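Single-letter residue listing:
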Amino acid sequence: MNDCSGGKCGLTDEQRRILHEKGTERAFTSPLNDEKRQGVFHCAGCGEKLFSSEHKYDSGSGWPSFYAPINDDALGEDTDYDIGYARTEIHCAKCGGHMGHVFPDGPKPTGLRYCINGAALNFAPKEN
Ligand code: FE
């Protein structure tokens, strides 16, 4: 985990709250929820590539949603009980920054819904 004391990491308070304290942004507040361009979504903490527009879909949840990560090594998983029942927490495998949760109600082909805080990501549109 990055040492953010003194704001050295360059993250906003909201990004720190999410990435480092497993916070959640309010639904429908991230501009990335409506992002429909092609490109790559990077960890806002360390810059690692975590998600691709190829796997993004509109879940209606108000959070950027993907049915798969960009590759099998990008994310780590944990179980949390923060709201009273078991959920699968997901984080950047490289820096440990919290991303969101994954649920088994996504579309084909994986059936998974990666429900992600947009503030935990930086989007890099594909250059044409
Ligand atoms: Fe990271």
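Residues numbered from 1 in each chain as written. Predicted model: local features only at pLDDT ≥ 70, side-chain atom pairs only at ≥ 80, totals over all residues. Heavy atoms only, no water.

(A) A look at the overall build of the protein chain. When helices and strands are counted, the protein chain shows one helix and nine strands. Mapped from its N terminus to its C terminus, the protein chain presents α and β elements in the order α-β-β-β-β-β-β-β-β-β. The C-alpha radius of gyration of the protein chain comes to 14 Å, within 12% of the 14 Å expected for a compact globule of 128 residues. Residue burial in the protein chain is summarised as follows: out of 128 residues, 45% are buried. Residue pairs at least 24 apart in sequence account for 51% of intrachain contacts in the protein chain once pairs closer than 6 positions are excluded. Accessible area of the protein chain: about 7,100 Å², with a carbon and sulfur share of 46%. A gap of 4 Å separates the mean positions of the 14 positive and 19 negative side-chain charges of the protein chain. (Helix = DSSP H or I, 4+ residues; strand = E, 2+ residues; numbered from the N terminus. Rg over C-alpha atoms; globule rule 2.2 N^0.38 Å. Buried < 20%, exposed > 50% of the residue type's maximum accessible area, 1.4 Å probe, protein only. Contact = heavy atoms within 4.5 Å. Areas by Shrake-Rupley, 256 points an atom, 1.4 Å probe, with all protein chains shown as cover. Lys, Arg positive; Asp, Glu negative; His and termini not counted. Charge placed at Lys NZ, Arg CZ, Asp CG, Glu CD.)

(B) Main features of the coordination of the iron ion. At the metal site, the iron ion is ligated by C43 (SG), C46 (SG), C92 (SG) and C95 (SG), and these contacts range over 2.3 to 2.4 Å. One can describe the donor arrangement at the iron ion as tetrahedral, given that its four donor atoms subtend angles of 102 to 115° at the metal. Sequence spacing among the residues donating to the iron ion works out to C-x2-C-x45-C-x2-C. Placement of the pair is C43 in strand β1 (residues 39-43) and C95 in the loop between β6 (87-92) and β7 (98-103), with a sequence separation of 52 residues. There is no split in this pair, since C43 and C95 are both buried. (Donors = N, O, S within 2.8 Å, 3.2 Å for Na, K, Ca; no water. Tetrahedral: all angles 85-135°; square planar, octahedral: opposite > 155°, others 65-115°.)

(C) Region of the structure containing the sheet that holds strand β8 (residues 113-116). Here we have six strands laid out as an open sheet, ordered β3-β4-β8-β7-β6-β5, and antiparallel in their pairing. This sheet does not close on itself; its edge strands, each paired only once, are β3 (56-57) and β5 (75-80). Sheet topology places strand β4 (residues 65-66) next to β8; two bridges connect them, and they run antiparallel. For S65, the partnering residue across the bridge sits in β8 and is C115. (Pairing = 2+ DSSP bridges.)

(D) Representation of the side chain of K56 in the model. Positionally, K56 belongs in strand β3. One buried charged residue, K56, remains without a salt bridge, the closest side chain of opposite sign being D34 at 6.9 Å. Within polar-contact distance, the side chain of K56 engages the backbone oxygen of L32 at 3.0 Å. A polar side-chain atom of K56 sits 3.3 Å from the main-chain carbonyl oxygen of E35. The contacts of K56, once residues within four sequence positions are left out, are L32, N33, E35, F41, P64, S65 and F66. (Salt bridge = Lys/Arg side-chain N within 4 Å of Asp/Glu carboxyl O. Polar contact = N/O pair within 3.5 Å; in protein donor to acceptor, adjacent residues only side chain to side chain.)

Just distances and angles here, no functional claims.
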